[in-house]
Structures are given as structure tokens and as C-alpha cells.
Amino acid sequence: MKLPDMKASAAAADAGIDRALFEFAGFDAEAGERGGYSNYSYWRSTLRMFLANKVAVFFLTLLGTLLLFTFIQPLLPGQRSPTTIFNDPATGMQYRNLAPSGRFWFGTNSIGQDLWSRIWSGTRTSLLIGLSVGLAEMLIGIVFGAVWGYVRRLDRVMTEVYNVMDNIPTTVLLMLLAYIMKPGFRTMVLAMCAVGWLGLARFVRNQIVIIRDREYNLASRCLGTPARRIVTRNILPYLVSVIMLQTALSIPGTIGWEVFLTYIGLGLPVSIPSLGNLVNEGRMIMMAPELRYQLLFPTVVLSLITISFYVLGNAFSDASDPRNHV
Amino acid sequence: MFGYAVKRLLQSLFTLFIVVSLVFLLMRLLPVEGYFGDRFQKMSVGEVQASLRKMGLLDPWYLQLGRFYAGVARGDLGVSFIYRRDVPITKIIAPRIPYSAGFGLVAIAIAMTAGLAMGVGMARNKGKLQDRAGTVYIVFVNAVPLAVYLLFVQLYGSSLLHLPILFDKYNIASWILPAVSMSLNGIAFYAMWIRRYMVDELNKDYIKLARAKGLPNRTVMVRHVMRNAYVPMAQYLPAAILATIGGSIYIESLYSIPGMGGLLVDVIQRQDNAMVQALVLIFSSVGIVGLFLGDLLMALLDPRIKLAKGGGAR
């Protein structure tokens, strides 16, 4: 080893090269650490990508304000009950169809109830339905999809179950389920969950079939890792983006179903304010131009909420896809 | 191709069998009022039981199911109990089929052509005003519930454009709003898809080659890009059919079109069990047939399908 070295340095000296350049560098542990370590963090990158999207941030602020207001509205001073019918003290008649004014901000409906408080109360009901259905669908969809994709023996059976449900138009299936059960909050949530998990389950299943046999999972299996751990640790993190998107989209979907079921008479009882009931009440009198505010106000609130969830779901799904983190 | 078609047909028949049986059995869970209507209040328990027995509704479920299939084989779906008492259901439904089928097909045709044009336009002007406006439309249609924005189409379509607010088969102007309403969702669906497809496809090597060898732009578009788009477009056709069925139920009822969708809403409100059952079965069968035809069409357009194993997950 030494011999060629000495030969080389001798040759270098002959060529008039600066010997200092050929000294061994000292080992710097800190500098070594710096090169071998990346400060990449999945969630931090996701957040950064998300915040870079101005439209998404706008809708996040809007939705946050709306949700916060919806839930603190009954605690604010001077709010009326959404179900009380107000009478004119002078004549004893109900305040029917009053146009928006300083007293009734959004006016009153055809039997003299305060539209402002009805809208926020209805938004609470509809959001409650939307969130329960969204969460339940997420749970059912993930579990069903994971088992479907991972357990080969069940694939045929579950595919058949999926095909049967997928072949019936969703609207018809939902109507049938809501018709068979008694109308009410529980029926609505159950019927929507029963039809809504299909899409997510299929996405999860397809992703799992793709990732299931990659080398690192093969290695895990060879090392004797239990299937449940492989699914939860190796595979599910890949699905965050799809799961969040589907869940976010199911909330506006649910609100839409509620409006539709109310229209065909399978919705919540009229005594419970909900966005579906309000839109339906507004629809019945929409041909009278001076009463159109009763349709307009609920639909504006409803549209702001559904559009926000839709845009946010898509923006988050883009941001949480690691391929976009460059 | 033939082998695939037979296999796929058998699969569809199997699905149809399961769906029909399942719906039939689910309908048995309903309260018996739906077989009597207003009369139910005045009848004694004994009378109710007697007429249920006479209708064969107290027999074991497999007998009822068998009888139902025998009826279907003869083209008999039973009789209506409330909507039009004791009239055969097939007789009530038959005159309504042309309306539903006509509007559905027209809506899908409009959605495909307008969606295609819009998507191509958006892809060509990517990032410019047309693209942005199209994106806003797509987000709006996808995010705001159909049941809400269609009300405004009806409201302002009739008041601003002076179109009739309800359907009248002798007045062609009254056909416009329902047909357009039914296609709005599909337009957004196809436009979004075509735009993404074009943007991806135009960057591919075979398009660059086609351009490099001097083919005119039109030829590149028609013979290369669009030729490859047929298969996925056919793939989306069944989904479009299912979505149109869903939308038609609401729209037919909204515009009082005498089709099957409006009828379903009607009989649900009147709780006529036999009619609900018949209509749900018809709509499900249309869905199954639609998916079957879509798969066949795809196999015709794409020679690679033959190599794939039949069936499987969609």
C-alpha cells in the first residue's frame, strides 16, 4: 500500500503540485450526520402543501367560521328558539312570511317561525347527520376494503356482494331502504351508511391488492408479522389520501341525500329543522318572488358548506399525496 | 369475444337473480298497511288476515318468491293496491317507459357531446379563462347537491328564459329544461375526465412522434388521441346510465313528467308496496343491463379485454 503512495507523492512533487491538497481530511461526526439525514416529515410536508393552496386556505377559514358559528349560535344573546311560532301581540295573529328585517334577520316562514335560528338549527342537524354518516362510512369502508383486499379466500364472495349493491342505482337503493324503515334520524343515518361505504371499500381494496405483494410486505410476511399488523402499519398509511378525500366528499353527499329524501317524503319529521326540511319548505313557495328568500337563505348556507367540504377534501387529498411533496 | 359475452351474461343473470330475490324479501318486511290503503282503518284484524291469506302473503317466503318468479316469467308483476286499485302494474307502467327512456337517452347524448366539447376546450386552454370557468362549473355541480341546484334551474329557467315550468308532451319548449337538467351532472363528469385525459395524453411519446412526423393537428387529435379515448369513455357509460336513472327520479317528479321515476316518488308517498317493488326491480334491472352492455361495448372497442379473465372487480 505504501509503495505506490510514495511513488505518487514523489511524482506530484516533480509536477509542482501543492501537497496540502492531498492531506487526509479529519472526520467530522456532525457534518456526517447532516448529509445522511433528511428532515422530511410527512405531515409537515402535507401541511405545507396544503397551506400553499390559497383557495383551500380560504375555504378552510370559511368553513371553520361557519362551523364555529353554527355551534355557538344558540349560546349568543338575543337568539330565538327555532321552533317557536311568533305572534303579533296587537292582533294575536302569527307573523307569517315577514320579509327579512332588523327584527327577524332572515324573515319568518309561513307559520311565523324565525328563519335565522331555523337555518342554524337545521345546519346543526344536517351536519350531525353528515358527520355521523361520514365517520361510519369511513370505518366500514376501511374494514371491509382491507379484509376484501387482503384475504384472498373472501375475494370472490365480497366481490359478488359489491357487484350486487353496485348494480342497483344508489338513489333507488337509498329510497328502498328509507322506505322499509320508519322515517327518522336513525333510519336516515343507517340507510346512507348502507349505500355509502361501497366506494371507499372499493378504493381501499384496489390499493391493497396493488401494494399487498410488494417486496417489503413479502419480507414482513416471511418474518412472521401478523396480517393485522401488516395491514395497519405497512398498507393503511398509503391510503390516507384516498380515505380523507372520500370521507370529506361523503359529507356534502349526505347533505344532498337528506334534501332528496325529504323531497320524496322520507326525510326527518317537519318538527325537526334540517337543511332538507328548510329547502323543501322554501321549494313549495318558490314561485312567489317575494317569498323566494325562504329558499335562498337555506340554499346559500347549504352550498357554502358543501362547496367548502368538496374543495377542502380535494386540496387535502392532493397535499397528502407524497408524490406531490417535492 | 363470444365466450366473454356468454360468461358476462351469466354473471349478470346471477346478479339479477340475487337483486330481485333480495328486494322481494326486503319488501316482505314492510307493514301490511301498504296492501290496503285507506280501507285498512275500517277493517277488523280478522278481515285483514283473511285478505292477506287470499293474496297469498301469509305463505312461507319461498312459496311467495316462487310464485313471483312464475308471474314475472308470464310478464305479470302483480296488481297495484293503492295507486290505481287492482289494475295490473304492467299496464300502469308500459305507457310511461318511452318518456323515461327517451329523456334518459337524450340526456346521456347531450352529456357526452357537450362534456366532450367542454373538456377538449378546457385542455386546449389549460390555465386560461375557459379552463378556470369550466373548473368552477365542475366544482359547483359536484359539490352542491343535485336536489338543490336543479330547483334553481327550474325556477330561473322558467322565469328568466320564459320556458314552461312543467312538462307538457304537446309543447316542445317544455322538454328543454328537464333534458338539460338531466345532463348537467354528466356534462361535468365527462368534461372533467376528458380534460385530465387530454392533458396526460398530449405529453406521451406516441403523440410527440405523430407530431414529429408532420401529421396535421386534426389527424393527431382524431386518429390518435380520441381513438384511445373511446375505451375509457365506454367504461364510464354504465356509471352515467346509473347516475341518469338516479337523477331522472327527481327530475321527472319535479317537472311532472309521466315517466317511471316520477311514478316511483308518487307510489312511495302513497305507500303502495306492490308498485314500489315493481319499480325498484325495473330500475335495478336497467342498471344491471346497462353495466352488462357497457362491458360488452368495451370488449368490442378494446381487443385487449379478451385476454383478461372475465368478471372480477370493476
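Conventions adopted
- Residues numbered from 1 in each chain as written.
- Chains lettered and ligands numbered in written order.
- Predicted model: local features only at pLDDT ≥ 70, side-chain atom pairs only at ≥ 80, totals over all residues.
- Helix = DSSP H or I, 4+ residues; strand = E, 2+ residues; numbered from the N terminus.
- Rg over C-alpha atoms; globule rule 2.2 N^0.38 Å.
- Buried ≥ 20, exposed ≤ 12 C-beta atoms within 10 Å, placed from the backbone.
- Contact = placed C-beta atoms within 7 Å.
- Core = buried A, V, L, I, M, F, W, Y, C linked by C-beta atoms within 7 Å.
- Nonpolar A, V, L, I, M, F, W, Y, C, P; charged D, E, K, R; others polar.

Scanning chain A from terminus to terminus reveals 13 helices and zero strands. Secondary structure of chain A in N-to-C order comes out as α-α-α-α-α-α-α-α-α-α-α-α-α. Relative to a compact globule of 326 residues, whose C-alpha radius of gyration would be 20 Å, chain A shows 30 Å and is clearly more extended. Projected onto its principal axes, the C-alpha positions of chain A cover 115 × 55 × 30 Å. Counting over 326 residues, chain A shows a buried share of 36%. Sequence-distant contacts in chain A: of pairs separated by 6 or more residues, those separated by 24 or more amount to 67%.

Our focus in this paragraph is the nonpolar core. If you look at the biggest cluster of nonpolar residues, it comprises 126 residues, and the most contacted ones within it are A:Met175, B:Ile268 and B:Leu279. Leaving out residues up to four positions away in the same chain, A:Met175 has contacts with A:Ile264, A:Leu266 and B:Ile268.

Let's shift gears to the interface of chain B and chain A. In this assembly, 34 residues from chain B lie in contact with 32 residues from chain A. Of all elements in the fold, only α1 (2-27), α7 (129-143), α8 (146-160), α11 (217-254), α12 (260-269) and α13 (273-301) of chain B reach the threshold of two or more residues within the side of chain B that touches chain A. Top contributing element to the side of chain B that touches chain A by residue count: α13(B), with seven residues. Class assignment of the residues belonging to the side of chain B that touches chain A gives a composition of 27 nonpolar, seven polar and no charged.

In terms of burial, helix α12 (residues 275-284) of chain A is largely enclosed, as nine of its ten residues are buried. Three or more residues of α12(A) are buried, namely A:Leu275, A:Gly276, A:Asn277, A:Leu278, A:Val279, A:Asn280, A:Glu281, A:Gly282 and A:Arg283. For α12(A), the secondary structure elements touched by its buried residues are α5 (115-150), α11 (240-263) and α13 (293-319) of chain A together with α8 of chain B.

All right, on to the environment of B:Val265 then. With respect to the helices and strands, the residue B:Val265 is situated in helix α12. B:Val265 gets classed as buried once you count the C-beta atoms within 10 Å, which come to 21. Spatially, the C-alpha atoms of B:Val265 and B:Tyr250 are 8.0 Å apart, while their sequence positions differ by 15 residues. In this structure, B:Val265 is in contact with A:Ile264, B:Ile249 and B:Ser253, ignoring residues within four places of it in sequence.

Residue and element names in this part refer to chain B. Non-glycine residue serine 256 carries a positive phi angle of around 55°. Secondary-structure assignment places serine 256 in the loop between α11 and α12. Classification of serine 256 by C-beta neighbours within 10 Å gives partly exposed; the count is 14.

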